[in-house]
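Observations on the three-dimensional arrangement
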Amino acid sequence: GEEVAQTPKHLVRGEGQKAKLYCAPIKGHSYVFWYQQVLKNEFKFLISFQNENVFDETGMPKERFSAKCLPNSPCSLEIQATKLEDSAVYFCASSQSAGDTEAFFGQGTRLTVV
Amino acid sequence: EDKVVQSPLSLVVHEGDTVTLNCSYEVTNFRSLLWYKQEKKAPTFLFMLTSSGIEKKSGRLSSILDKKELFSILNITATQTGDSAVYLCALRRNRDDKIIFGKGTRLHILP
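Conventions we followed
Numbers given for residues are sequential positions, taken from 1 along each chain in its written order. The naming scheme follows written order: chains are lettered A onward, ligands numbered 1 onward. Residues qualify for local features only when their pLDDT is at least 70, as the model is predicted, and side-chain atom pairs are given and counted only at 80 or more; totals for whole chains, interfaces and linings, by contrast, use all residues. Values reported for side chains reflect all heavy atoms of the structure, with hydrogen atoms and water molecules removed beforehand. Per the convention used, a helix needs a DSSP run of H or I reaching at least four residues, while a strand needs a run of E reaching at least two, with both numbered from the N terminus. C-alpha atoms define the radius of gyration in this analysis, and the globule rule sets the expected value at 2.2 Å times the number of residues to the power 0.38. Whether two residues are in contact is decided by their heavy atoms, any of which lying within 4.5 Å being enough. Residue burial considers only the protein chains on display, and all accessible areas are found by Shrake-Rupley using a 1.4 Å probe. In this tally Asp and Glu are treated as negative and Lys and Arg as positive; neither His nor the chain ends contributes. Lys charges are placed at NZ, Arg charges at CZ, Asp charges at CG and Glu charges at CD. Residue exposure (1.4 Å probe, protein chains only): buried if accessible area is under 20% of the type maximum, exposed if over 50%, otherwise partly exposed. Paired strands, as defined in this entry, are two strands with at least two bridges between them according to DSSP. The disulfide criterion used throughout: a pair of cysteine sulfur atoms within 2.5 Å. In this scheme Phe, Tyr and Trp rings, the latter by its six-membered ring, pair at centre separations within 6.5 Å, and the angle between planes marks the pair as stacked below 30 degrees, edge-to-face above 60, and tilted otherwise. Note on criteria: charge over ring means Lys NZ or Arg CZ within 6 Å of the ring centre, with the direction from the centre no more than 35 degrees off the ring normal. Think of each axis as a best-fit line through the C-alpha atoms, taken over the contacting stretch in the case of a helix, with angles from 0 to 180 degrees between the N-to-C directions. Put simply, a salt bridge is a Lys or Arg side-chain nitrogen that is within 4 Å of an Asp or Glu carboxyl oxygen. Buried area is calculated as the accessible area (1.4 Å probe) missing from two parts once they are joined, with the contributions of both summed. Throughout this description, a polar contact denotes any pair of N or O atoms lying within 3.5 Å of each other; where both atoms belong to protein, one of them has to be capable of donating a hydrogen while the other can accept it, and for residues adjacent in sequence the pair is counted only when both atoms sit in side chains. Here the term charged refers only to Asp, Glu, Lys and Arg, the term nonpolar to Ala, Val, Leu, Ile, Met, Phe, Trp, Tyr, Cys and Pro, and the term polar to all other amino acids, Gly among them.

**Some details on the overall build of chain B**
Counting secondary structure elements, chain B contains zero helices and eleven strands. Traced from its N-terminal end to its C-terminal end, chain B shows the element sequence β-β-β-β-β-β-β-β-β-β-β. Radius of gyration (C-alpha) of chain B: 13 Å, near the 13 Å computed for a compact globule of 111 residues. Residue pairs at least 24 apart in sequence account for 54% of intrachain contacts in chain B once pairs closer than 6 positions are excluded. Per element, the accessible surface of chain B, about 5,300 Å² overall, is 50% carbon and sulfur. If you average the places of the 16 positive and of the 12 negative side-chain charges in chain B, the two averages end up 5 Å apart.

So, in structure tokens, the structure goes:
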């Protein structure tokens, strides 16, 4: 597609429940980034992929967060046993691999943990 | 530690004014500097800067990079209420392609 597609737009989960977010990058883009934005504050980097390979996962809370980018499927970010502080907008961005290229963002998934 | 510092954090001006937003950075392995505008939802891409001294322009917006002094500015002339948004500066590193964001400048244009 011509834009980064994130689903769902909104997700409400009770504390302790699982949340799964999806991101379809722009066709032809091989880099995918996940960011967490809490209350319109700074973007916190979570993880990046180059195709289906984890490129950088230094921002991921290892215990409850996991992510995948499998061939022919949207990328996913999963949070097990959600906590109140996981409430945020989760943005996905994609960019081409070669050269100096910009990253394009999806519309985000607003996760509310109650 | 690599970082991006934006100033001011917030700015309120009247329609028609010109504003300059600042972004300074520290990075071990620079690839590019990116500017985004975030209104209600997703950041929308404005500019990508890789070389010093070359101004990028789009309508009333322009931006320039100084790789020696490690900063960039985003200028908006003849501001309009539709320019109200958070403007984000981000740095892309060469060694791992990681994009690091500043905290943004919240710009509010009064009619």
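**Thoughts on the pairing of strand β8 (residues 71-76) of chain B**
For β8 of chain B, a buried count of five out of six residues is recorded, marking the element as mostly surrounded by other parts of the structure. The turn linking strand β7 (residues 61-66) of chain B back onto β8 of chain B is made up of four residues, and L70 of chain B within it adopts a positive phi angle of 60 degrees.

**Regarding the state of the cysteines**
All told, the structure shown has three disulfides over all chains when counted by the stated rule. Sulfur-sulfur distance for the disulfide between C23 of chain A and C92 of chain A comes to 1.8 Å. A torsion of -55 degrees about the S-S bond marks the disulfide between C23 of chain A and C92 of chain A as left-handed. Taken together, the positions of C23 of chain A in strand β3 (residues 19-24) and C92 of chain A in strand β9 (residues 88-95) put the pair 69 residues apart, joining distant regions of the chain. Comparing C23 of chain A with C92 of chain A shows no difference in burial state: the two are buried. Paired through a disulfide, C23 of chain B and C89 of chain B show a sulfur-sulfur distance of 1.9 Å. Given an S-S torsion of about -65 degrees, the disulfide between C23 of chain B and C89 of chain B has left-handed geometry. With C23 of chain B in strand β3 (residues 19-26) and C89 of chain B in strand β9 (residues 85-93), the pair connects residues that are 66 residues apart, well separated along the chain. When sorted by exposure, C23 of chain B lands in the same class as C89 of chain B, which is buried.

**A closer look at the packing of aromatic side chains**
In total, this model carries 17 aromatic pairs over all chains according to the counting rule given. Both rings, one in Y36 of chain B and one in F45 of chain B, keep their centres 5.9 Å apart while their planes meet at 75 degrees; by these two values the pair is edge-to-face. Judged by relative accessible area, which is 0%, Y36 of chain B ranks as buried. When its relative accessible area of 24% is taken as the criterion, F45 of chain B is described as partly exposed. Grouped by ring-pair contacts, the aromatic residues Y31, F33, Y35, F43, F45, F55, F91, F104 and F105 of chain A together with Y36, F45 and F101 of chain B constitute a single cluster. One cation-aromatic arrangement involves R92 of chain B over Y31 of chain A; the distance from NZ or CZ to the ring centre is 5.7 Å.

**Details of the sheet that holds β8 of chain B**
All names here are of chain B. Here five strands make up an open sheet; going across it, the order is β1-β3-β8-β7-β6 and the pairing antiparallel. What marks the edges here is a single partner per strand, and that holds for β1 (3-7) and β6 (56-58). The sheet shows a mean angle of 15 degrees between the axes of neighbouring strands, direction not considered. The pairing of β3 with β8 spans six bridges and is antiparallel. The residue of β8 that forms the bridge with T20 is N75.

**Some points on the pattern of salt bridges**
Residue and element names in this part refer to chain A. Taken as a whole and assessed by the stated rule, the structure comprises eight salt bridges over all chains. Put simply, E78 and K20 hold a salt bridge, and the shortest N to O gap is 3.6 Å. Of the two residues, E78 is situated in strand β8 (residues 75-79) and K20 in strand β3; the sequence distance between them amounts to 58 residues. For E78, a relative accessible area of 14% puts it in the buried group. Judged by relative accessible area, K20 falls into the partly exposed class, the value being 33%.

**Some details on the interface of chain B and chain A**
Reports often express the size of an interface as the amount of accessible area lost when the parts come together. On the side of chain A, 26 residues touch chain B, which itself brings 23 residues to the contact. Between chain B and chain A the total buried area reaches about 2,100 Å² when both faces are included, carbon and sulfur atoms providing 53% of it. Summed over the shared surface of chain B and chain A, the result is one salt bridge. Inspection of the chain B/chain A interface yields five residue pairs in polar contact (both at pLDDT 80 or more). Take the side of chain B that touches chain A: its biggest share by element is four residues, from strand β4 (residues 30-38) of chain B. Across the side of chain B that touches chain A, the residue classes tally to nine nonpolar, three polar and eleven charged.

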